[in-house]
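# Summary of structural features
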Amino acid sequence: MYSKEPIKDASVIIFKGTDATVSNSRGYFQLTVLDGDSLLVTHKNYKSAIIAVPEVDVFSIFIEKQKSYPQYLEGEVELYRYLWQNLKYPTAAQFLGKEQLLFVQVLVDSSGAVSTCNLLNGTDKNFEKVTLSVFEDIPGKWSSSHQTSSFIFPVLFKIGLKESTIDFPIIDFPEGKIMDRVIVYYENY
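Below you will find a few notes about this structure. (Residues numbered from 1 in each chain as written. Predicted model: local features only at pLDDT ≥ 70, side-chain atom pairs only at ≥ 80, totals over all residues. Heavy atoms only, no water.)

## A word on the pattern of salt bridges
Our working definition: The term salt bridge refers to a pairing of a side-chain nitrogen on Lys or Arg with a carboxyl oxygen on Asp or Glu at a separation within 4 Å. Only DSSP runs of H or I covering at least 4 residues are called helices, and only runs of E covering at least 2 are called strands; the numbering of each starts at the N terminus. Note on exposure labels: buried denotes an accessible area under 20% of the residue type's maximum, exposed denotes more than 50%, and partly exposed covers the range between, all computed with a 1.4 Å probe on protein chains only.
Under the defined criterion, the tally for this structure stands at five salt bridges. Among the ionic pairs, E76 bridges to K177, the shortest N-O distance being 4.0 Å. Within this pair, whereas E76 is found in helix α1 (residues 76-86), its partner K177 is found in strand β8 (residues 177-178), the two being separated by 101 residues in sequence. The partner of E128 in a salt bridge is K125, and the shortest N-O contact between them spans 3.5 Å. Here K125 and E128 lie together in helix α3 (residues 125-136), a separation of three residues that amounts to about one turn. For K125, a relative accessible area of 66% gives the class exposed.

Next comes the structure, spelled out in structure tokens:
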């Protein structure tokens, strides 16, 4: 269902790049895009969407309300603190100068426990191994619900401020709540 009301604090990411922004209180945002770019639009209360950018300067995006999902009982701040403290840039990837954007699906069962973690994409086993091990060991629980819930975490492994070399595959996202992205930096001075 579309309400046509402005959505404040929607995260808007250029899907084939690293530029991102957040919508203002009127639901407006501004990004410079190239021909053929797509936008990943996420908000905690709405379904995420990948939108092909039309060939006009100004356009509207409509996204659907999100169904309710269980909450992480220790709070999202603690969840992200755990992820930031435990996700480490793989040494082999650092040495080779590799970057990666992974989408991790975390399935939470009806009791609130993590039941399964899957990668929705990935091309480098070093990134996959470190990422899955951290997500599988998330401490604590989510609130209980009547069914298994799916949470999708974008995890970006990025080397410093250099221009990104990441290929962004088109992914068919399963039904689920797309969470805020986690960025793991490696500074190579």
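## Let's talk about the side chain of S149
Note the threshold: Note on contacts: a residue pair qualifies if any of its non-hydrogen atoms lie within 4.5 Å across the two residues.
Within the fold, S149 resides in strand β7 (residues 149-159). Judged by relative accessible area, which is 4%, S149 ranks as buried. Contacts of S149, omitting those with residues within four sequence positions, involve Y69, P70, V106, L107 and V108.

## Some details on the side chain of T42
Here T42 is to be found in strand β3 (residues 38-43). Those residues in contact with T42 that lie beyond four places of it in its chain are A10, S11, S48 and I178.

## A look at the nonpolar core
Heads up, the rule is: Side-chain atoms within 4.5 Å are what join buried Ala, Val, Leu, Ile, Met, Phe, Trp, Tyr and Cys residues into a set we call a nonpolar core.
Of all hydrophobic cores here, the largest spans 28 residues; its most connected members are L83, L87, V106, F135, F153, V155 and F157. When residues of this core are traced back to their parent elements, those giving at least two are α1, β5 (100-108), α3, β7 and β9 (182-186). Ranked by residues supplied to this core, first place goes to β7 with five residues. Apart from residues lying up to four places away in sequence, V155 is in contact with L87, Q100, L101, L102, V104, F135, V182 and V184. Of all hydrophobic cores here, the second largest spans 10 residues; its members include I7, V12, L39 and V41.

## Thoughts on the sheet that holds strand β4 (residues 46-52)
Working definition: the strands of a sheet are paired by backbone hydrogen bonds and lie parallel or antiparallel to each other. Operational definition: If DSSP finds at least two bridges between two strands, the strands pair. Whenever a helix is involved, its axis is fitted only over the stretch in contact; in every case the axis is a line through C-alpha atoms, and angles between N-to-C directions fall within 0 to 180 degrees.
One open sheet holds the four strands; their spatial order is β2-β1-β3-β4, and the pairing between them is antiparallel. One side of each edge strand has no neighbouring strand; the edge strands of this open sheet are β2 (20-22) and β4. For this sheet, the mean inter-axis angle between neighbouring strands, taken without regard to orientation, is 15°.

## Digging into α1
Filter applied, for reference: By construction, the arc corresponds to the directions joining the helix axis to the C-beta atoms.
Of the positions making up α1, those classed as buried are L79, Y80, Y82 and L83. All buried residues of α1 project into a common sector of 150° when viewed along the axis, lining one side. Turned more than 90 degrees away from the buried face of α1, the exposed residues are V77, W84 and Q85.

## Examining the pairing of β4
Regular strands place side chains that alternate from one sheet face to the opposite one. Of the strand pairs in this sheet, β3 and β4 are connected by five bridges, and their pairing is antiparallel. Considered in β4, the bridge of V41 is made with A49. Counted along the chain from β3 to the antiparallel partner β4, the turn is two residues long.

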